[in-house]
Structures are given as C-alpha cells and as structure tokens.
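Coordinate inspection notes
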Amino acid sequence: MLEVKNIYKNFGDLKVLRGVSTHVEKGEVISVIGASGSGKSTLLRCMNLLETPTYGEVWIEGKLMTPVDPYLHPEVIEASKTFASLKASGMGTEEAIVKIKAEDLLKEKHSAEGPLYKKLMKELYEANHIDVNEGRRKMSMVFQQFNLFNNKTVLENITLAPIETAKYHHEKDMKAIKEKVEDQAMTLLKRIGLEEKALVYPSTLSGGQKQRIAIVRSLAMNPDVMLFDEPTSALDPEMIGEVLDLMKELAESGMTMVIVTHEMGFCREVSDRVLFVDEGYIKEEGTPEQIFKAPKNPRLQDFLSKVL
Amino acid sequence: MTILEILEQSWDNFIKYYIGQGLLWSGYAYTLALSAITVLFGTILGSLLAIGKRSKFKPLGVIITAFVEIIRGTPALLQLYLAYFVIPMLLKMPGLSPFTSVAIAMSLNSAAYTSEIIRSGIEAVDKGQTEAARALGLTEKTTMLKIVLPQAIKNILPALGNEFITVIKETALASTFFVGELMTTYKTINGINYQTIPVLLDIGVFYFILTFSLSKLLGVFERRMKKRA
C-alpha cells in the first residue's frame, strides 16, 4: 500500500537518512522507534513528502509520488540505452550523440509517430505517477504539536480539507457535499465525545482535546494510512491516556498506521511490526516480541536498556 | 518671550490665519490626502513586493530586496528631491505638480517598509499551520489563502496602523516643495509675520491631535480584532 524505496535525506552536510526501504501493508500498524535525532521523524515526513527525499522513491498504492528526476524519464532512459549500445559497437561519442539526435528528429518529422510517441509517454507517466497533493490525501498526518488551524473552529478544522478536495475535483453539488462532510465531522466528534466543542476555536481546548481533534481531522479525509509523528510527546502526562486510547481504538478498527513514538508500552501493545531507526538506517525490524524480548542489534539493546 | 505672549500670538494666528484664511483646513486636507494616497498605494505595492519576494523566480526576489534595501538605506528627503526632479522628466510632463511627484516618491518609500511588514507578518505564522494544511493535501494557494493569510493579517494590521502614523509625520518633508500640507502652513505664516516659535508649536499641536486620535482609533480596532480571535 505504502512503500518507500532507498530513501536518502540530507540537510546540507548532515546525512539524516542513508538508504531506508520499507513497506506498509493494508491494516498494518507499524511503530518507528529510535533515539532523538536518529531520523525517525524525518522518515515519516519523507513518506508524505513534507520533506522531499534527496534520493529515493515513495510509492502509494502502486503509484510513484516522489517528483520524477528528469533523467529517469523513460524517453531519456531509452536514449541513454541507445547511446550505450552505439558506444559499445565502437562508435565515437560525438557521432553517437548526433545519431540519437537524428533519430529524435525523425520521430518529430513523422507526423504520425511523433505525437503518438508523446501521447504514449504521457499515458505511461499518468498511469504510474500520482500528484503530491493527491497522494497526501491518502495518508494524513498527525503532528506532535497538533497544528490545528487557529483561525478555524473545530468543525471547520475537520471539514476544510474534505471540502477543498471536493472543489479540486470539480464536484458539482458542493452544498450536498458540505452537508455530508459536516455530518461526518459531527459523527466523528461525537465518537470522541467532543461534539459540544464543534463551534469553538482551538485556543480554548486542552492539549489532549486538540490532539484528539487533530486525529479526527485526519480521519475525515478517509485516509488509507495515517502517519503519527510523536503524537503524545507534547502532552501533559494526564492527557496521554485519552490520545493513546483513541489510537488503540483506530488500530483495532483496522486502520493502517505508521507511528513514530517514545511510548514503548503502547508500541508493544498495538504494533504489528516495529522498526528501529538509528544513524539514518533501519537497524532492526520485527514483531514487538522480537524487538523487545530478543533484540539482536547492540545499538537496539543499548537503546532499550535506556528507555525501558 | 513669555508663555503668555506665545499663547496670545497663537490665538491671534488661530483667528487670523488658521481659521480666517482656512490654512488649518487646507493644511490638514493636504496632509491627510498625501498620507492616505501614500498608505493606499504603499500597501498595494508593498503587498505585490512581498508576493514577488516569495516567488520561485529568484531574480525577482533579488531585485525586490535591492529596491527595499536602497529605499531603507537612503534618506527619505533625498528620495523626495530625486523624485521632484526626475519624475516629471521620466513622465515627460514638465508641468507635473510637486504634489504628484512627492506622492509617488512617498508611496514607493512606504511600499518598501510595508512589504517588510507583510513579509514578517506571514513569516510569523507558525510553520506547523502550513505543514498541517499541506499534509491534508491542500494546495499551496489554498493554504496561503485560507490558513496563512487570515492569521498573518492579525500580525500585519497593527503594524500597518503604525506605518500610517509614521507616514503622516513624514509628510512634513513634503513642505520642502510647498505642497500645502501642515508643515507648509508653518512656512506660509512664518513668511507673513516672521513668527517662529508660536507657529511651530501650533503646528506641532495640530500634528499631535491627528496622530494621537488615529493611534487611539487603531487601538480600538486592535482590541476588537483580538476579541474576535
């Protein structure tokens, strides 16, 4: 469902991710653990391209979301293959370039072949790529700092993105959609027992309430996968429980989730798979049982001895 | 010269010139007109500069930065002089009124400051707001219009009000070219009766009444805005 391939991320000279690959299956709950600065949050942020990976690919439902390097464009790949084979057959560099250019020109001249070739390339591209915004709507994110929109009421916070999405898709009956979205938002608010807060602004809410609403806001997009970036790290201790309970409920309902967390107990309880990220690599990966009871990697053993 | 004498002369001037010849009203009218034009065009142009600076087309950003730095780094009076001589030439209108040249120069000057006010107002909005919007799949444009700008305006409006007051005070520079605003009124009366201190004090009071009431008015708006948030 969600797959990252060989992700590298540099911030200037700092190499935060050094080749991370993993995949998330439907209904799976994956926890990402590791020390501060290990790259686990960056990995999560690369998944929905809030950080553009320096190198590597993100695939959502079989479609490539990372921007395509122009040098990886099929046309260019084909040309470079031709170039290599021409060189192999003993042709000089300049001669080979001239020949490839001549062939390209031929394609343009052939009135039937030229546009057809372009159309084929366009179709190939569209079949395999997904627009960044479109992709992000399939995997909404919950932040450490909640990030509820300060200038919107709780209800508007939840309905804004679904309504705008309908607008982007040029839906005709916006009034009906608005009503439907608002109904859904109220149902979600009822589910977390905050329906009476629908019309207040976020500044009046407690941290725990804010985070539960942020989760519900993500849910309203009907995402295929939800990304959680340390969702309880900014909360007062007495509010962590309510947020974790909601997340547990989501996990049990079959939601696909990727959770960056420091809550080891929670991680152990809900995860299907745990990734240990360290120094920009996934150093160990396994079921909670394997990771917590029989850690193999010395760095993981060290990390666990500190946090457990 | 005693205080009593000053007051006496002020009162005479008040009856004779400020009211009698209507110099007070014309002075206020020109000051307000010049400030209003400056703030209006300064804000429009300043917004465009702020947008331009955020554009992905880098050379535009460099040009705008250079413009802002030059405006902020040279005296406003010098800019007015330059405008006074250069703008009629550029527009090929030798008879252009000094008021127009001065208004153009002051608008450009104010635009530089306003663009910085708008830019910092936008940058003061928490990055998390943008991230949350983009993570929900909103486009850059929707994020700007629906999330960032409404919050930025709350930072921008008070600073813009202060800019308005600054501009009102700076219009005094325009008296160099006798455009008819309050400071010109001083020069006019001083030219007739050679009084200096009483007239300067009068004009000072007139400026203060204007800026003080405007700042109180802005305070009311600000409080109302905060209440709504």
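Here, every reference points to the structure presented above.
A brief report on the enclosed structure follows. (Residues numbered from 1 in each chain as written. Chains lettered and ligands numbered in written order. Predicted model: local features only at pLDDT ≥ 70, side-chain atom pairs only at ≥ 80, totals over all residues. Heavy atoms only, no water.)

1. Points about the pattern of salt bridges
This is how the line gets drawn: Take a side-chain nitrogen of Lys or Arg and a carboxyl oxygen of Asp or Glu: if they are within 4 Å of each other, that pair is a salt bridge.
Taken as a whole, this structure holds 24 salt bridges over all chains when the rule is applied. What emerges from the salt-bridge pattern is a single network uniting Lys53(B), Glu69(B), Arg72(B), Glu116(B), Arg119(B) and Glu123(B).

2. A closer look at helix α7 (residues 140-170) of chain B
Selection rule: Helical segments are the DSSP runs of H or I of at least four residues, strand segments are the runs of E of at least two, and each set is numbered from the N terminus. A helix is expected to span 1.5 Å multiplied by its residue count minus one. The reported bend at a residue is simply the angle between two axes, fitted to the 7 residues ending at it and to the 7 residues beginning with it.
The terminal C-alpha atoms of α7(B) lie 38 Å apart, and with 31 residues this falls more than 12% below the ideal 45 Å at 1.5 Å per residue. Where α7(B) bends most, the angle comes to about 45°, and this point is Val148(B), followed within four residues by the proline Pro150(B).

3. Let's talk about the nonpolar core
Residues and elements named next belong to chain A. Note the following rule: As used here, the term nonpolar core means buried Ala, Val, Leu, Ile, Met, Phe, Trp, Tyr and Cys residues forming a set that is joined through side-chain atoms within 4.5 Å. A 1.4 Å probe rolled over the protein chains alone gives each residue an accessible area, and that area as a share of the maximum for its type sets the label: buried under 20%, exposed over 50%, partly exposed in between. Throughout, a contact is declared for two residues whenever any of their heavy atoms are within 4.5 Å.
Counting 38 residues, the largest nonpolar core has Leu-2, Met-47, Leu-227 and Val-258 as its most contacted members. Ignoring any residue separated from it by four or fewer positions in sequence, one finds Leu-227 in contact with Leu-2, Leu-44, Met-47, Asn-48, Met-139, Ser-140, Met-141, Val-142 and Val-258. In this structure, Leu-219, Phe-228, Ile-240 and Leu-250 belong to the second largest nonpolar core, which totals 35 residues.

4. A closer look at the interface of chain B and chain A
We count it as follows: Summed over both partners, buried area is the accessible surface (1.4 Å probe) that two parts give up on being assembled. All amino acids are sorted into three groups, where Ala, Val, Leu, Ile, Met, Phe, Trp, Tyr, Cys and Pro are nonpolar, Asp, Glu, Lys and Arg are charged, and the leftover types, Gly among them, are polar.
The partner chain A presents 24 residues to the 17 residues of chain B that form the contact. In total, chain B and chain A occlude about 1800 Å² of area from one another, counting both sides; carbon and sulfur atoms represent 56% of this. Applying the counting criterion to the chain B and chain A interface returns two salt bridges. For the salt bridge of Glu131(B) with Arg45(A), the shortest nitrogen-to-oxygen distance reads 2.6 Å. Residue assignment for the side of chain B that touches chain A shows that the elements contributing at least two residues are α6 (127-135) and α7 of chain B. Residue classes in the side of chain B that touches chain A are distributed as seven nonpolar, six polar and four charged.

5. Regarding the sheet that holds strand β8 (residues 256-260) of chain A
The strands making up a sheet associate through hydrogen bonds between their backbones, and the pairing can be parallel or antiparallel. Residues and elements named next belong to chain A. Put simply, the rule reads: Any two strands are treated as partners once DSSP identifies two or more bridges connecting them.
Strand order in this open sheet of six strands is β6-β7-β8-β3-β9-β10, and the pairing throughout is mixed. Edge strands, defined here as strands with exactly one partner in the open sheet, are β6 (141-142) and β10 (281-286). Bridge analysis of strand β3 (residues 29-33) against strand β9 (residues 273-278) gives four bridges, and the strand direction is parallel. Across the sheet, residue Ile-30 finds its bridge partner in β9, namely Arg-273.

6. A closer look at unusual backbone geometry
All names here are of chain A. Within the chain, Glu-61 stands out as a residue other than glycine whose phi angle is a positive 45°. Within the secondary structure, Glu-61 sits in the loop between β4 (55-60) and β5 (63-64). You will see that Asn-147, though not glycine, has its phi angle at about 55°, which is positive. Checked against the element boundaries, Asn-147 lands in the loop between β6 and α6 (154-168). Exposure remark for Asn-147: the relative accessible area of 6% places this residue in the buried category.

7. Overview of the pairing of β8(A)
All names here are of chain A. Of all five residues in β8, five are buried, a share of seventy percent or more. Here β8 shows no split at all, with Thr-256, Val-258 and Val-260 on one side and Met-257 and Ile-259 on the other all buried. Bridging between β3 and β8 involves four bridges; their strand directions are parallel. Among the inter-strand pairings, Ile-30 is bridged to a residue of β8, identified as Val-258.

8. Structural notes on the sheet that holds β5(A)
All names here are of chain A. Ordered by their spatial adjacency, four strands build an open sheet running β2-β1-β4-β5, and the pairing between neighbours is antiparallel. Here the strands that pair on one side only, and so sit at the sheet edges, are β2 (14-24) and β5. Bridge count between strand β1 (residues 2-11) and β2: eight bridges; the pairing is antiparallel. Looking at β2, one finds that Leu-2 is bridged to Val-24.

9. Quick notes on the packing of aromatic side chains
Within a pair of aromatic rings, the relevant descriptors are the distance that separates the centres and the angle that separates the planes. Put simply, the rule is: Stacked, tilted and edge-to-face pairs are distinguished by plane angle, under 30 degrees for stacked and over 60 for edge-to-face with tilted covering the rest, among Phe, Tyr and Trp rings (Trp via its six-membered ring) whose centres lie within 6.5 Å. Consider the ring centre and the ring normal. A charge sits over the ring if Lys NZ or Arg CZ is within 6 Å of that centre and within 35 degrees of that normal.
Overall, the coordinates contain 11 aromatic pairs over all chains when judged by the stated rule. Between the aromatic rings of Tyr8(A) and Tyr55(A), the centroid separation amounts to 6.1 Å while the plane-to-plane angle is 70°, which identifies the pairing as edge-to-face. With Tyr8(A) in strand β1 and Tyr55(A) in strand β4, this residue pair connects regions lying 47 residues apart in the sequence. Among the residues examined, Tyr8(A) registers a relative accessible area of 33% and is labelled partly exposed. Classification of Tyr55(A) as exposed rests on a relative accessible area of 53%. Taken together, the ring pairs connect Trp11(B), Phe14(B), Tyr18(B), Tyr28(B) and Phe206(B) into an aromatic cluster. Here the guanidinium or amino end of Arg217(A) rests over the ring plane of Phe149(A), the centre of that ring lying 4.5 Å away.

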